[in-house]
Amino acid sequence: MTEVRRMSEKVKIGFYALTSCYGCQLQFAMMDEVLQLLDKANIECWFMLERGSDEDKEVDIAFIEGSVSTQEEVELVKKIREKAKIVIAVGSCAVHGGVQSWDKDKEFNELWKTVYGDAHVKFEPKMAEPVEKYIKVDYKLYGCPPEKKDFLYALGTLLIGSWPEDIDYPVCVECRLRGNPCLLIEKGEPCLGPLTVAGCDARCPAFNIACIGCRGAVKDVAWFDSLALELKKKGLKKEEILERMKIFNAHNPKLEGMVNKIFEEGG
Ligand code: SF4
Ligand code: SF4
Ligand code: SF4
């Protein structure tokens, strides 16, 4: 565990954006609680709040939003890592590569041309990837965007010299606690709650909408295979299952193999 604060000192915080919609930053910048932090922390770099921010400054905690989608961003995340004691990946883009990496197995130049044609750009683009592909990430805030309570929990825990816990159970746990009817079992809808990290209080199923997995798969125990088997029994084809599961998990190394196995076994 890295200690970030001596009682007499203010903690230095940086918030950095890679390729993203800026939704995670906006979520946190709009929080009144950020103002209450100011007697305990100095915000050294956060371009959304302070135009004169300097990304070369050393910080105790670096929050990084967005996927690594250009060569320049590869260098930027390495620089942030060198200057930060603790790096936190913020949101699905930073943690999982985001929806922009959904079709990652397609040839990149072909994808680029589909969207941008022959347009000239100033940067060197590449397939969107998670921050962890390039640097060590110490903690992850899941979601698109993450919940405000998760941000406060992580930051508050670090400020008192402790370490935040990871969430290792799925959305279904919160869904059952809320007493929602199960969209997967009772209505046959392709809900991804069984493999998705909890923390959103099962927001979508509570409104009768099947989860699309925006918080990403539960670390190390993603049940892609058992959910694929259930969806197969309900008549979904392998391609349909993979397409849905990949929206927020395209870079998960287990996904494809676990789903393929279900169809190879004829289970
Ligand atoms: S995780 Fe979602 S809200 Fe955050 S930057 Fe990416 S797309 Fe935007
Ligand atoms: S509706 Fe979805 S999240 Fe809720 S219990 Fe059923 S499968 Fe899980
Ligand atoms: S229910 Fe699923 S899609 Fe909806 S907010 Fe939660 S994790 Fe995201």
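This text follows the structure it describes.
We now turn to the structure provided with this report. (Residues numbered from 1 in each chain as written. Chains lettered and ligands numbered in written order. Predicted model: local features only at pLDDT ≥ 70, side-chain atom pairs only at ≥ 80, totals over all residues. Heavy atoms only, no water.)

### Some details on the sheet that holds strand β3 (residues 59–65)
Logical step 1: Taken together, five strands build an open sheet; the order of strands is β2-β1-β3-β5-β7 and the sheet is parallel. If you trace the sheet from one side to the other, it starts and ends with β2 (41–46) and β7 (139–141), each paired once. Ignoring strand direction, the axes of neighbouring strands in this sheet form an average angle of 25°.
Logical step 2: Those strands touched by helix α6 (residues 148–159) are β1 (11–17), β3, β5 (84–90) and β7, and its axis lies near 150° from that of β7. (Pairing = 2+ DSSP bridges. Helix = DSSP H or I, 4+ residues; strand = E, 2+ residues; numbered from the N terminus. Axes fitted to C-alpha atoms, helices over the stretch in contact; angles between N-to-C directions. Contact = heavy atoms within 4.5 Å.)

### Some points on empty space enclosed by the protein
Logical step 1: What the rule picks out here adds up to two cavities of 30 Å³ or more.
Logical step 2: In this structure, the largest cavity encloses a volume near 80 Å³.
Logical step 3: Along the walls of the largest cavity sit V171, C172, C175, R176, P181, C182, L183, L184, C191, G193, P194 and P205, which together make up its complete lining.
Logical step 4: At the level of secondary structure, the elements contributing two or more residues to the lining of the largest cavity comprise α7 (171–178) and α8 (183–187).
Logical step 5: Residue contributions to the lining of the largest cavity peak at four residues, all from α7. (1 Å grid on protein atoms, 1.4 Å probe; cavity = no way out; pocket = protein on both sides within 12 Å on 5 of 7 lines; lining within 4 Å. Points joined across faces, edges and corners; volume = space filled by probe spheres on them.)

### Considerations on the site of ligand 2
Logical step 1: In the region of ligand 2, the neighbouring residues are V171, C172, C175, R176, C182, L183, L184, C191, G193, P194 and P205.
Logical step 2: When each cavity is represented as a set of grid points, ligand 2 is found to reside in the largest cavity.
Logical step 3: Elements that contribute at least two residues to the shell around ligand 2 include exactly α7 and α8.
Logical step 4: Considering each element in turn, the shell around ligand 2 owes the most residues, four residues, to α7.
Logical step 5: A breakdown of the residues in the shell around ligand 2 according to their chemical character gives nine nonpolar, one polar and one charged. (Near = heavy atom within 4 Å. Sits in = over half its atoms within 2 Å of the grid points. Nonpolar A, V, L, I, M, F, W, Y, C, P; charged D, E, K, R; others polar.)

### Some thoughts on the pattern of salt bridges
Logical step 1: Taken as a whole and judged by the stated rule, the model has 22 salt bridges.
Logical step 2: For the salt bridge of D39 with K40, the shortest nitrogen-to-oxygen distance reads 3.6 Å.
Logical step 3: Exposure remark for D39: the relative accessible area of 53% places this residue in the exposed category.
Logical step 4: K126 is the partner of E129 in a salt bridge, and the nearest nitrogen-oxygen pair spans 2.8 Å.
Logical step 5: Accessibility expressed as a relative area gives 11% for E129, which makes it buried.
Logical step 6: Among the residues examined, K126 registers a relative accessible area of 12% and is labelled buried.
Logical step 7: Salt bridges sharing common partners tie together K104, D105, K246 and E256. (Salt bridge = Lys/Arg side-chain N within 4 Å of Asp/Glu carboxyl O. Buried < 20%, exposed > 50% of the residue type's maximum accessible area, 1.4 Å probe, protein only.)

### With respect to the site of ligand 1
Logical step 1: Around ligand 1, a shell composed of S20, C21, G23, C24, E65, G91, S92, C93, G143, C144 and P145 is seen.
Logical step 2: Where the shell around ligand 1 is concerned, the elements lending two or more residues are α1 (23–29) and α4 (91–96).
Logical step 3: Top contributing element to the shell around ligand 1 by residue count: α4, with three residues.

### A short note on the side chain of N180
Logical step 1: By secondary structure assignment, the location of N180 is in the loop between α7 and α8.
Logical step 2: Residues within four places of N180 in sequence aside, it is in contact with C175, A202, P205 and A206.

### Here we look at a nonpolar patch on the surface
Logical step 1: Residues Y22, L26, M30, L35, L38, I43, M48 and L49 make up a contiguous nonpolar surface patch of about 750 Å² in total accessible area.
Logical step 2: With respect to the helices and strands, M48 occurs in the loop between β2 and β3. (Patch = residues over 30% accessible without salt bridge, like charges linked within 9 Å, V, L, I, M, F, W, Y side chains within 5 Å. Areas by Shrake-Rupley, 256 points an atom, 1.4 Å probe, with all protein chains shown as cover.)

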